[in-house]
Amino acid sequence: MEILMPEIIDIEKLRQLVDEDLAQMYRKVIKLGEESGETMAAFLDWDKSPNVSASSRSDNPREALMEEAVDTMLCAMDVIVSLGYTNTEIRQMADRKMDKWQNKIKNRKSVNKS
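Residues numbered from 1 in each chain as written. Predicted model: local features only at pLDDT ≥ 70, side-chain atom pairs only at ≥ 80, totals over all residues. Heavy atoms only, no water.

### Quick look at unusual backbone geometry
Inference 1: In this structure, Lys48 is a non-glycine residue whose phi angle is positive, near 60 degrees.
Inference 2: With respect to the element layout, Lys48 can be found in the loop between helix H3 (25-46) and helix H4 (61-82).
Inference 3: Overall, Lys48 belongs to the exposed group, its relative accessible area being 68%. (Helix = DSSP H or I, 4+ residues; strand = E, 2+ residues; numbered from the N terminus. Buried < 20%, exposed > 50% of the residue type's maximum accessible area, 1.4 Å probe, protein only.)

The structure is reproduced here in structure tokens:
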């Protein structure tokens, strides 16, 4: 399964929205935290956790989880773009972070083989 960010997010539309949105950075970061919490609540519903309140239940938990995860992703991108990073800089950081993630996976696999 190949997922390409340019096909997922219209980066020019995102940049336009960031330019038009006059919210201060602290509000954007608070919103990111809020959306992250909503993603966790949606995950608990999708995972059929007994700790989910009735008001957090969804008719389609899988879609609700995707919706909240996308909200979180967009809020994170809002923060990053608001800091003035270019597409190239964002891509380079994402590549570094994915390399780090890949190394963690390799390390876990090697520990599990032992």
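### Brief notes about a positive patch on the surface
Inference 1: A grouping of Arg96, Lys97, Lys100, Lys104 and Arg108 is seen on the molecular surface, where their side chains present a positively charged patch.
Inference 2: Taking the relative accessible area as the measure of exposure, Lys100 reaches 44% and is therefore partly exposed. (Patch = residues over 30% accessible without salt bridge, like charges linked within 9 Å, V, L, I, M, F, W, Y side chains within 5 Å. Areas by Shrake-Rupley, 256 points an atom, 1.4 Å probe, with all protein chains shown as cover. Salt bridge = Lys/Arg side-chain N within 4 Å of Asp/Glu carboxyl O. Lys, Arg positive; Asp, Glu negative; His and termini not counted. Charge placed at Lys NZ, Arg CZ, Asp CG, Glu CD.)

### Some remarks on the pattern of salt bridges
Any two side chains of opposite charge can pair, on the condition that their charged atoms come close.
Inference 1: One pass over the full model with this rule turns up four salt bridges.
Inference 2: Between Glu34 and Lys31 there is a salt bridge, and its shortest N-O distance comes to 3.2 Å. One end of the pair, Glu34, and the other, Lys31, are both in helix H3, three residues apart, so they sit about a helical turn from each other.
Inference 3: Close ionic contact of Arg91 with Asp95 constitutes a salt bridge, the shortest N to O distance being 3.1 Å.

### Structural notes on the packing of helix H2 (residues 11-20) against H4
Inference 1: Contact pair H2 / H4: the axes reach a minimum separation of 10 Å and the direction vectors enclose 70 degrees. The angle between H2 and H4 falls in the class roughly perpendicular. For the pair formed by H2 and H4, the contact residues are Ile11, Leu14, Arg15 and Val18 on the first element and Met77, Asp78, Val81 and Ser82 on the second.
Inference 2: Residue classes in the contact of H2 with H4 are distributed as five nonpolar, one polar and two charged. (Axes fitted to C-alpha atoms, helices over the stretch in contact; angles between N-to-C directions. Parallel < 35°, antiparallel > 145°, perpendicular 65-115°, else oblique. Contact = heavy atoms within 4.5 Å. Nonpolar A, V, L, I, M, F, W, Y, C, P; charged D, E, K, R; others polar.)

### Some words on the nonpolar core
Inference 1: Formed by Ile9, Leu14, Val18, Met77, Val81 and Ile90, the largest nonpolar core amounts to six residues.
Inference 2: If we ignore the near neighbours within four places in the chain, the residues touching Leu14 are Ile9, Met77 and Val81. (Core = buried A, V, L, I, M, F, W, Y, C linked by side-chain atoms within 4.5 Å.)

### Focus on H4
Inference 1: When the terminal C-alpha atoms of H4 are compared, their 31 Å separation across 22 residues agrees well with the 32 Å that a helix rising 1.5 Å per residue should span.
Inference 2: Taken together, the buried positions of H4 are occupied by Ala64, Leu65, Glu68, Thr72, Cys75, Met77, Asp78, Val79 and Val81.
Inference 3: Taken together, the buried residues of H4 touch H2, H3 and helix H5 (87-113).
Inference 4: Once H4 ends, the next one or two residues include Gly84, with phi positive near 90 degrees. (Expected span 1.5 Å × (residues − 1).)

### A closer look at the packing of aromatic side chains
Inference 1: By the definition in use, this model includes one aromatic pair.
Inference 2: Seen from their ring centres, Phe43 and Trp46 are 5.9 Å apart, and the 40 degrees between their planes marks the pair as tilted. Taken together, the residues Phe43 and Trp46, both in helix H3 and three residues apart, mark about one turn of the helix.
Inference 3: In this structure Phe43 comes out as partly exposed when scored by relative accessible area, which is 30%. (Phe/Tyr/Trp six-rings, centres within 6.5 Å; stacked < 30°, edge-to-face > 60°.)

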